Amino acid sequence: MNNIVAIVGRPNVGKSTLFNRLIQRREAIVDSVSGVTRDRNYGKSEWNGKEFSVIDTGGYVRGSDDVFEGEIRKQVELAIDEADVIIFVVDVEEGITPMDDVVARLLRKVTKPVLLAVNKVDNAMREKDAVEFYNLGLGEYFTFASISGSGTGDLLDALIESFPVKPEPVQEEVVLPRFAVVGRPNAGKSSFINALIGQERFMVTDIAGTTRDAIDTKFDRFGFEFNLVDTAGIRRKAKVKEDLEFYSVMRSVRAIEHADICILVIDATRGFEGQDQSIFWLAEKNRKGVVILVNKWDLVEKDTMSTRDYEEKIKKELMPFTDVPILFVSALTKQRLLKALEATVQVFENRKQRISTSKFNEYMLKVIEAYPPPATKGKYVKIKYCMQLPTLTPQFVFFANMPQYVKEPYKRYLENKIRENWDFAGVPIDIYIREK
């Protein structure tokens, strides 16, 4: 197991800038608005040949009326519990504030190593000003400037020395499949992940847009093992007003691009709206597997036809790609969550399915013979051979004498026949017609 480092402190002292510098990617959103980071944000870093995981936390605040602050406080305390070493970031420009004292009091009770890191020290005068941080009672401090990176080397040297000795891992880390939980704001994505993993890993409030970063969580329960990615809700461009929300949407789009499967969570009380469709087609365009979860199903008044009618409405909007698992769940009551997991894992297996060329030809050539491509301008198209391409997503090539005369409706016919015989539910399929 890697050592875990938690970056804590009051709001707006530069925790996320330090986090981005350590993981060498702009993963956490940085903005001059305090309270940007809300959930614990995880990343990997390495210094002097030693790998470690870094947790960025929301700013620690007490006594605020903000609905998020109590939740942020809980997240910071959880991060401290998880970490092997804690970096407490303070701001030399502001000096010691009452909130720094509160955090220091919390950290003085912790038995783990705590490194006091004084940020924004980029000249000799500020080096002198940093002396006052001895008053926090946490011993030696380290000065650095997270924006320019000066001083971070000394901080990292001390960090490596503070790590507890752990046995070397016996096997190489396995690259786990990535399942991105996507959807509109306030559809219940974070609630769904919290219900699955059995702890409040993500902050949940009634306010749309609570989650702002795309965040990975390793899931290892019920015989399944994969990375779950919670994402910010994706809104229509016209609704994206502030810069901050724009970055959140970009993170979600990037999470879709880097995922294997997208779990699209929709709000049952609102229906399958235009923005849900846009997210679905974004995942399909990126050739990702898709599972649709109709969340908050416990809040919908139902009769015997409800699920079937609802499913048919969704499939009508998804034409022609209707071979998608649709499950009716409730993150609140944990209804059908295990089934949702099983369906997602099945879609992942479908996506990497490989069909032998001999079996594929044996079945598909009979299908083509029974219903050959329609003649165009008196010319008959003959398909004599087909195969699956060795690609990450299911792609099939059919070799014909005149490929230019094979139109989209016939390609859809071939795709439907493939889906009839092999399980590719939830997975986009590409059909290519090439000259033999």
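What counts and how
- Residues numbered from 1 in each chain as written.
- Predicted model: local features only at pLDDT ≥ 70, side-chain atom pairs only at ≥ 80, totals over all residues.
- Heavy atoms only, no water.
- Helix = DSSP H or I, 4+ residues; strand = E, 2+ residues; numbered from the N terminus.
- Buried < 20%, exposed > 50% of the residue type's maximum accessible area, 1.4 Å probe, protein only.
- Contact = heavy atoms within 4.5 Å.
- Areas by Shrake-Rupley, 256 points an atom, 1.4 Å probe, with all protein chains shown as cover.
- Axes fitted to C-alpha atoms, helices over the stretch in contact; angles between N-to-C directions.
- Parallel < 35°, antiparallel > 145°, perpendicular 65-115°, else oblique.
- Left-handed = near helix turned anticlockwise from the far one by under 90°.
- Nonpolar A, V, L, I, M, F, W, Y, C, P; charged D, E, K, R; others polar.
- Salt bridge = Lys/Arg side-chain N within 4 Å of Asp/Glu carboxyl O.
- Pairing = 2+ DSSP bridges.
- Right-handed = clockwise from strand over helix to strand, strands pointing away.
- Expected span 1.5 Å × (residues − 1).
- pLDDT = per-residue confidence, 0-100.
- Phe/Tyr/Trp six-rings, centres within 6.5 Å; stacked < 30°, edge-to-face > 60°.

Novice: What exactly am I supposed to notice about the overall build of the protein chain here?
Specialist: The helix and strand tally for the protein chain stands at 12 helices and 15 strands. Going through the 436 residues of the protein chain one by one, you find that 54% of them count as buried. Taking contacts inside the protein chain between residues at least 6 apart in sequence as the whole, the part at least 24 apart equals 70%. Carbon and sulfur atoms make up 50% of the accessible area of the protein chain, which totals about 21,400 Å².

Novice: Can you help me understand the packing of helix α11 (residues 357–370) against helix α12 (residues 408–421) in this one?
Specialist: Angle between the axes and distance between the axes are the two parameters that describe a pair of packed helices. Packing of α11 against α12 leaves a shortest axis separation of 11 Å and a crossing angle of 135°. Relative to α12, α11 is oriented oblique. Seen along the crossing, α11 lies across α12 with a hand that is right-handed. Between α11, through F360, Y363, M364, V367 and I368, and α12, the contact on the second element is made entirely by Y410, Y413, L414, K417, I418, E420 and N421. Classifying every residue of the contact of α11 with α12 gives 9 nonpolar, 1 polar and 2 charged.

Novice: Could you clarify how one ought to interpret the pattern of salt bridges in this entry?
Specialist: Opposite charge on two side chains permits pairing when their charged atoms draw close. Following the criterion strictly, the structure yields 14 salt bridges and no others. Among the salt bridges present, the one from R10 reaches D100, with a minimum N-O distance of 3.1 Å. Of this pair, R10 sits in the loop between β1 (3–8) and α1 (15–23) while D100 sits in helix α3 (residues 98–108); the two residues are 90 residues apart in sequence, bridging distant segments of the chain. According to the relative accessible area criterion, R10 is buried, its value standing at 9%. Looking at D100, the relative accessible area reads 0%, which means it is buried. Three or more residues are tied together by salt bridges with common partners; here these are E93, D122 and R126.

Novice: Looking at this model, I keep getting lost on unusual backbone geometry. Mind explaining?
Specialist: Note: most residues except glycine have negative phi, and most peptide bonds are trans. The peptide bond linking M319 to P320 adopts the cis configuration, its omega dihedral lying at 5°. Backbone geometry at N48 places phi at a positive 50°, although glycine is not the residue there. Secondary-structure assignment places N48 in the loop between β2 (41–47) and β3 (50–56). In this structure N48 comes out as exposed when scored by relative accessible area, which is 60%.

Novice: What is the right way to look at the environment of V265 in this model?
Specialist: As for its position among the elements, V265 is in strand β10 (residues 261–267). Look at V265 and you get buried, because its relative accessible area is 1%. If we skip the residues at most four places from it in the chain, V265 touches V181, V182, G183, R184, A187, G188, K189, L293 and N295.

Novice: Hey, could you run me through the pairing of strand β15 (residues 430–435) in this one?
Specialist: Regular strands show a simple pattern: their side chains alternate between the two faces of the sheet. By the bridge criterion, 6 bridges tie strand β14 (residues 395–400) to β15 in an arrangement that is parallel. Looking at the pairing, A400 lines up with E435 of β15. For the crossover that starts at β14, traverses α12 and ends in the parallel β15, the hand is right-handed.

Novice: How should helix α8 (residues 274–285) be read in this particular structure?
Specialist: Since the α-helix packs 3.6 residues into each turn, any two residues three or four apart lie on the same face. Between the first and last C-alpha of α8 there are 16 Å, a value that for 12 residues agrees with the 16 Å anticipated at 1.5 Å per step. R287 occupies a position one or two residues after α8 and carries a positive phi of about 60°.

Novice: Looking at this structure, I do not really get the packing of helix α6 (residues 189–197) against helix α10 (residues 337–351). What am I missing?
Specialist: For the pair α6 and α10, the least separation of the axes is 10 Å and the interaxial angle reads 100°. Here α6 lies roughly perpendicular to α10, going by the angle between them. Contacts between α6 and α10 involve F192, A195 and L196 from the first element and L337, A340 and L341 from the second. Grouping the amino acids of the contact of α6 with α10 by side-chain chemistry returns 6 nonpolar, no polar and no charged.

Novice: What exactly am I supposed to notice about the sheet that holds β14 here?
Specialist: Think of a sheet as strands paired side by side through backbone hydrogen bonds, with each pair either parallel or antiparallel. The sheet built from 3 strands is open, its strands ordered β13-β14-β15 with mixed pairing. Edge positions in the open sheet fall to β13 (383–388) and β15, since each of these has one partner strand only. Adjacent strand axes in the sheet meet at a mean angle of 20°, parallel and antiparallel pairs treated alike. Each of β13 and β14 is contacted by α11, which is oriented at about 140° to β13, the strand it contacts most. The sheet contacts of α12 involve β13, β14 and β15, and relative to β15 the element is tilted by about 120°.

Novice: Looking at this structure, I do not really get the pairing of β3. What am I missing?
Specialist: Across the 7 residues of β3, 5 count as buried, placing the element largely inside the fold. Alignment of β1 against β3, held across 5 bridges, turns out to be parallel. Across the sheet, the residue bridging to A6 is I55, located in β3.

Novice: What should I look at first to understand the environment of V294 in this one?
Specialist: Tracing the backbone through its elements, the reader meets V294 in strand β11 (residues 289–295). With 28 residues separating them along the chain, V294 and I266 place their C-alpha atoms 5.1 Å apart. Every residue in contact with V294, bar those within four places of it in the chain, is listed here: I266, A268, Y310, I314, I326, L327, F328 and V329.

Novice: Would you take a moment to explain the confidence of the model for the protein chain for this structure?
Specialist: The predicted coordinates should not be examined in detail at positions where pLDDT is low. Averaged over every residue, the pLDDT of the protein chain is 77; the share at 70 or more is 76%. Across residues 200–214 the pLDDT falls below 50, and counting only partners more than four positions away or on other chains, this stretch makes 80 contacts in the model.

Novice: Before we go on, may I ask you to explain the packing of aromatic side chains in this structure?
Specialist: If you walk through the whole model with that rule in mind, you get 17 aromatic pairs. Considering the side-chain rings of Y371 and Y410, the 5.8 Å spacing of their centres and the 45° angle between planes classify their relative orientation as tilted. One end of the pair, Y371, is in the loop between α11 and β13; the other, Y410, is in helix α12, with 39 residues separating them in the sequence. Overall, the relative accessible area of 42% leaves Y371 in the partly exposed class. Three or more aromatic residues link up through ring pairs in this structure, and these residues are F360, Y363, F396, F398, W422 and F424.

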